[in-house]
Every structure is written in C-alpha cells, then in structure tokens.
Amino acid sequence: MSLGSEPRSTMPKLKAPAAGGVPATPESILEIENLELHYGRKAAFTQIDMRIRPGLVTAFVGPSGCGKSSFLMALNRLSDLVPSCKVSGSVRFTAKRSWAAT
C-alpha cells in the first residue's frame, strides 16, 4: 500500500503551530532548534526551528542555492568534513521502539 492511497480519515492529525510556527507536539522524532550553517562569512541558512514527526513525509522545497542540501548535510554531519563550515544550534533525535518499522 503506497502512502498516497491511505484514506484521509486515518491520516495523522497535526496540532496547530505554536509560537514561531513549530508544531507543539511531544511526538517529534527530530527536533531542530536555532540551527545555523555558515561557509566562512557566508550564511547558508540561519535560525531554523522545526520538529519532524514520525510517520509523516517531510519535503524540503526551494530554489537553487537556498540551503536545502546544506541543511541535510548539517543533519547528517557531512558538514563536519568541510573545513570552512561552521554549524551551530541544536538537533535532537529521539528513537522509540514503537516508531520502528515492523
């Protein structure tokens, strides 16, 4: 069964965003707070706050050069391999057994 064929009535309900546009939910699998990435003096992105919930599709969409790949590099720490790159902020991953695929 593909993700798109799931009936709307059984899809997870999202809570209203809290201050700053970040959904207020304790169910986040990935919590990103004030994440910033700079290549030397040039900022790739600044002040990223978001929560990613398990079981939902998350897409990063934007024009060329807006920081999508740099953001993903920061999440998986590939940016650590770039000498001029500086990352600051907080990324917390919470693994729960119930979220694992069976």
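Above this note sits the structure.
So, a few notes on the structure that sits alongside this text. Please read all numbers here as calculations on a predicted model, not as lab measurements.

Some words on the nonpolar core
Okay, so step 1: Within the largest apolar cluster, 11 residues are counted, these being I29, L30, I32, L35, L37, F45, M50, I52, F71, A74 and C85.
Okay, so step 2: At the level of secondary structure, the elements contributing two or more residues to this core comprise strand 1 (30–39), strand 2 (42–52) and helix 1 (68–75).
Okay, so step 3: When residues in this core are grouped by element, the largest group, four residues, is from strand 1.
Okay, so step 4: Ignoring sequence-local partners within four residues, the contact set of C85 consists of L37, H38, Y39 and S79.

Here's the deal with the environment of N76
Okay, so step 1: Among the structural elements, N76 can be located in the loop between helix 1 and strand 3 (85–93).
Okay, so step 2: Within the local environment of N76, its side chain forms a polar contact with the backbone nitrogen of L78, the two atoms lying 3.1 Å apart.

What about the side chain of E31?
Okay, so step 1: Note that E31 resides in strand 1.
Okay, so step 2: If we skip the residues at most four places from it in the chain, E31 touches M50, R51, S90, V91 and R92.

Notes on unusual backbone geometry
Excluding glycine, residues mostly carry a negative phi; peptide bonds, for their part, are mostly trans.
Okay, so step 1: If you check the backbone angles, N34 has positive phi at about 50 degrees while not being a glycine.
Okay, so step 2: In this structure N34 comes out as partly exposed when scored by relative accessible area, which is 40%.
Okay, so step 3: Located in the positive-phi region is Q47, a residue other than glycine, with phi close to 50 degrees.
Okay, so step 4: Relative to the helices and strands, Q47 is located in strand 2.

With respect to the pattern of salt bridges
Okay, so step 1: Evaluation of the coordinates by the stated rule reveals four salt bridges.
Okay, so step 2: With a closest N to O distance of 2.8 Å, E33 and R92 form a salt bridge. Here E33 is found in strand 1, whereas its partner R92 is found in strand 3, with 59 residues between them in sequence.
Okay, so step 3: For R92, a relative accessible area of 36% corresponds to the partly exposed category.
Okay, so step 4: Within the structure, one salt-bridge network assembled from shared partners comprises E31, E33, R51 and R92.

The rules behind these values
- Residues numbered from 1 in each chain as written.
- Predicted model: local features only at pLDDT ≥ 70, side-chain atom pairs only at ≥ 80, totals over all residues.
- Heavy atoms only, no water.
- Core = buried A, V, L, I, M, F, W, Y, C linked by side-chain atoms within 4.5 Å.
- Buried < 20%, exposed > 50% of the residue type's maximum accessible area, 1.4 Å probe, protein only.
- Helix = DSSP H or I, 4+ residues; strand = E, 2+ residues; numbered from the N terminus.
- Contact = heavy atoms within 4.5 Å.
- Polar contact = N/O pair within 3.5 Å; in protein donor to acceptor, adjacent residues only side chain to side chain.
- Salt bridge = Lys/Arg side-chain N within 4 Å of Asp/Glu carboxyl O.

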